[in-house]
Amino acid sequence: MKNKGWKEESDRQGSKGRQRTGGLADSSWAILLMVLVAAGNGWARHQTPADVSKELHLTVKVYIYAPIPQYELATAERVAGKIFQNVGVELSWVDCPLTGPTAQLNPTCTAPNTPTDIHLNIVPDFAEGPWVGKSAMGFAVALPPPSHGQCASVSYVRAMGLLRDARELTLGELLGHGIAHEIGHLTLGTNSHSPSGLMCAHWNVHELKLAAYSQLRFSEEQAATIRSDVRARQTQYEASKSDQLASQK
Ligand SMILES: [Zn+2]
């Protein structure tokens, strides 16, 4: 990911929506319901039951090396989770704090990665290099099929820097989009930037505006590729478990 401005999703819109509900006139409700129904129909047209299966899932092990407040981390996970939920993939989060007096490491954090595991590092910062642009908030090690990329990192310092240009967003919301973008790289493969949308390398005012209204998403084509990748990961995982069981007999 390389960008100079990120923005949001989630919470802000949800909370504002709740605040607004008391003031909505009947006609406003009718319009709102029509919009929701239309949105639902649009989703149904493009998705099959298999596509929206809750069985499509990834486990994201979050290794926390930066002093990100817990509530911001929770927001980031919720925002990224919602973006993936919209394409039919559930993300399970396992936080792996490695510092602090109360840090307690979940055994899952040290277990070997399975194909459906994503290893996400939230680091203080990283150096600029051939694969990491000056304004990038994160980077991911994407691999060509049939391999699956599993490792992504986002920088807390870089996110804080970008936050100055993204005042409508909280740190958690900004990070959530950044995390979704990086996991997107892992599930879409190499060269997965697109001219617009969530996978845009450089977000401009248009993308930021979409993000502010929870509309910065994967394209339908990207969503289909992501589902296909996750399915392949799960198939690979099931096969490896079967092999393991067979070898124990
Ligand atoms: Zn990128």
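Residues numbered from 1 in each chain as written. Predicted model: local features only at pLDDT ≥ 70, side-chain atom pairs only at ≥ 80, totals over all residues.

**Concerning the packing of helix 5 (residues 156-163) against helix 6 (residues 171-188)**
Going by this rule: Interaxial angle, 0 to 180 degrees, is taken between N-to-C directions of lines fitted to C-alpha atoms, where a helix line uses only the stretch in contact. Numbered from the N terminus, helices here are DSSP runs of H or I no shorter than four residues, and strands are runs of E no shorter than two. In a left-handed crossing the near helix is turned counterclockwise from the far helix by less than a right angle, and in a right-handed crossing that turn is clockwise. Whether two residues are in contact is decided by their C-beta atoms, placed from the backbone, lying within 7 Å.
Following both chains from N to C, one finds helix 5 and helix 6 inclined at 115°, their axes separated by 10 Å at the closest point. By crossing handedness, the relation of helix 5 to helix 6 is classed as right-handed. Every residue of helix 6 that contacts helix 5 at A159, M160, L162 and L163 is listed here: L171, L174, L175 and G178.

**Some details on the nonpolar core**
Keep this limit in mind: Among buried residues, those of type Ala, Val, Leu, Ile, Met, Phe, Trp, Tyr and Cys that are joined through C-beta atoms within 7 Å form a set called a nonpolar core. Counting other C-beta atoms within 10 Å of a residue's own tells you its class, since 20 or more makes it buried, 12 or fewer makes it exposed, and anything in between is partly exposed; those C-beta atoms are placed from the backbone.
In this structure, A80, V89, A159 and I179 are the most contacted members of the largest nonpolar core, which totals 50 residues. Top contributing element to this core by residue count: helix 6, with eight residues. Sequence-distant contacts of A80, that is, excluding residues within four places in its chain, are made with L91, G176, I179, A180 and I183.

**Description of the pairing of strand 5 (residues 151-155)**
Basically, it comes down to this: The rule for pairing is simple: two strands pair if DSSP sees at least two bridges between them.
For strand 5, a buried count of four out of five residues is recorded, marking the element as mostly surrounded by other parts of the structure. Pairing between strand 3 (residues 117-123) and strand 5: five bridges, direction parallel. Across the sheet, the residue bridging to H119 is C151, located in strand 5.

**Overview of unusual backbone geometry**
If you check the backbone angles, S214 has positive phi at about 60° while not being a glycine. Looking at where S214 falls in the secondary structure, it is placed in the loop between helix 7 (205-212) and helix 8 (220-248).

**Concerning the packing of helix 3 (residues 70-85) against helix 6**
Angle between the axes and distance between the axes: these two values describe a pair of packed helices. Our working definition: Each angle is binned into one of four classes, with values under 35 degrees roughly parallel, values over 145 roughly antiparallel, values of 65 to 115 roughly perpendicular, and all other values oblique. Nonpolar residues are Ala, Val, Leu, Ile, Met, Phe, Trp, Tyr, Cys and Pro. Charged residues are Asp, Glu, Lys and Arg, and all others, Gly as well, are polar.
Put simply, helix 3 and helix 6 touch, their axes get as near as 7 Å, and they point 45° apart. Judged on the interaxial angle alone, helix 6 and helix 3 are oblique. Viewed along their axes, helix 3 and helix 6 form a crossing whose handedness is right-handed. Contacts between helix 3 and helix 6 involve Y71, E72, L73, A74, T75, A76, R78, V79, A80, I83 and F84 on the former and, on the latter, L171, G172, E173, L175, G176, H177, I179, A180 and I183. Its residues placed into classes, the contact of helix 3 with helix 6 shows 13 nonpolar, four polar and three charged.

**Describing the sheet that holds strand 4 (residues 138-140)**
Spatially, 2-1-3-5-4 is the arrangement adopted by the five strands of the open sheet, whose pairing is mixed. Strands with a single pairing partner mark the edges of an open sheet, and in this sheet they are strand 2 (90-97) and strand 4. Averaged over neighbouring strand pairs, the angle between their axes works out to 20° when direction is ignored. Pairing analysis gives six bridges linking strand 1 (residues 57-64) to strand 3, with the strands arranged parallel. The residue of strand 3 that forms the bridge with V62 is L120. On top of the sheet, helix 5 reaches strand 3 and strand 5; it is set at about 50° to strand 5, its chief contact. Across the face of the sheet, helix 6 comes into contact with strand 3, strand 4 and strand 5 while running at roughly 155° to strand 5.

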